[in-house]
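Structural features, examined
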Amino acid sequence: MSRSNRARWVVTVVASVLFALCVWAARQTPPTPVADGNFYGTWTRQQPKWKQVIMLRKGATGAWEMAFRWNIDGGVSVDTEFKQRAEFVYDGFPGFFELKLDPNRSNDGVLVFHYRREQKARRGAQLEETGDVQLYRTHDGRQLVWLQDPLRVHVSIAEPLTPDEEQGADREEQRVWVFQKRANRELQPDEISW
């Protein structure tokens, strides 16, 4: 192996190791589950430009049901209304969320929902996210963790401009959101003060 090839090989190995370390470091240790509190009611989460609400209740069959609202400044508003599938439009393009309870893996300490999100966009692009959501209480039971680990993301573009767009983009990541308990009942949107 020539000196320049060896140097390129070393740079490639070092870059790969650094990339792997960055991906590993980006993962966080989720908060610890607790038995305190209960799932019933309204939970909220806010970050710049985002407002999210989870409402949990037991349905007529005794199974847990979740309503998920996600409002993003700039035009997207999702409300699943306790349905397993909800359609929405963002920037003029259709999308949907699916959140289906897995009763075999859910109990008083954790609720597991099968999750799927698809969203179309410009140039024939499409986003697909899949990965089970684990909901559990943490700290004093008044915080709710939304954990997806792994969350699988696939982005495809029907009219690619570059070779990496042509191949599509697949990745796995971790999603950890923490919601705060607002009430032991379902709150209407105008009852939530942000």
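Residues numbered from 1 in each chain as written. Predicted model: local features only at pLDDT ≥ 70, side-chain atom pairs only at ≥ 80, totals over all residues. Heavy atoms only, no water.

Topic: the packing of aromatic side chains
Under the defined criterion, the tally for this structure stands at 14 aromatic pairs. Between the aromatic rings of Trp50 and Trp177, the centroid separation amounts to 6.0 Å while the plane-to-plane angle is 85°, which identifies the pairing as edge-to-face. With Trp50 in strand S2 (residues 50-58) and Trp177 in strand S11 (residues 169-183), the pair connects residues that are 127 residues apart, well separated along the chain. Classification of Trp177 as buried rests on a relative accessible area of 6%. Ring geometry for Tyr115 against Trp146: centres 6.2 Å apart, planes inclined by 85°, an arrangement best described as edge-to-face. With a gap of 31 residues between them, Tyr115 in strand S7 (residues 110-120) and Trp146 in strand S10 (residues 143-156) connect regions that are remote in the sequence. Judged on exposure class, the residue Tyr115 and its partner Trp146 are both buried. Aromatic rings pair up to connect Trp50, Phe68, Trp70, Phe88, Phe97, Tyr115, Trp146, Trp177 and Phe179 into one cluster. For Arg137, the ring lying beneath its charged end belongs to Phe39, and the centroid distance is 4.4 Å. Between Arg182 and the ring centre of Trp194, over which it is positioned, the NZ or CZ distance is 5.8 Å. (Phe/Tyr/Trp six-rings, centres within 6.5 Å; stacked < 30°, edge-to-face > 60°. Helix = DSSP H or I, 4+ residues; strand = E, 2+ residues; numbered from the N terminus. Buried < 20%, exposed > 50% of the residue type's maximum accessible area, 1.4 Å probe, protein only. Lys NZ or Arg CZ within 6 Å of the ring centre and 35° of its normal.)

Here's the deal with the environment of Arg137
Locating Arg137 in the fold gives a position in strand S9 (residues 133-138). For the pair Arg137 and Val110, spaced 27 residues apart in the sequence, the C-alpha separation amounts to 7.8 Å. Engagement of the side chain of Arg137 in a polar contact is seen with the backbone oxygen of Asp36, the distance being 2.7 Å. (Polar contact = N/O pair within 3.5 Å; in protein donor to acceptor, adjacent residues only side chain to side chain.)

Comments concerning the side chain of Thr138
Topologically, Thr138 is positioned in strand S9. A residue is classified by how much of its surface remains accessible, and Thr138, at 1% relative accessible area, is buried. Setting aside anything within four residues of it in sequence, one finds Thr138 in contact with Pro31, Thr32, Val34, Gln143 and Val145. (Contact = heavy atoms within 4.5 Å.)

As for the environment of Gln46
On the secondary structure map, Gln46 appears in strand S1 (residues 41-47). Looking at Gln46, the relative accessible area reads 45%, which means it is partly exposed. For Gln46 and Trp177, which are 131 residues apart along the polypeptide, the C-alpha to C-alpha distance reads 9.8 Å. Contact partners of Gln46, with chain neighbours within four places excluded, come to Lys51 and Trp194.

Remarks on unusual backbone geometry
In this model, Asp149 is joined to Pro150 through a cis peptide bond whose omega is 10°. Among the secondary structure elements, Pro150 is positioned in strand S10. Backbone geometry at Glu81 places phi at a positive 50°, although glycine is not the residue there. Mapping Glu81 onto the fold places it in the loop between strand S4 (76-79) and strand S5 (85-90). For Glu81, a relative accessible area of 47% translates into the label partly exposed. You will see that His139, though not glycine, has its phi angle at about 55°, which is positive. Considering the arrangement of structural elements, one finds His139 in the loop between S9 and S10.

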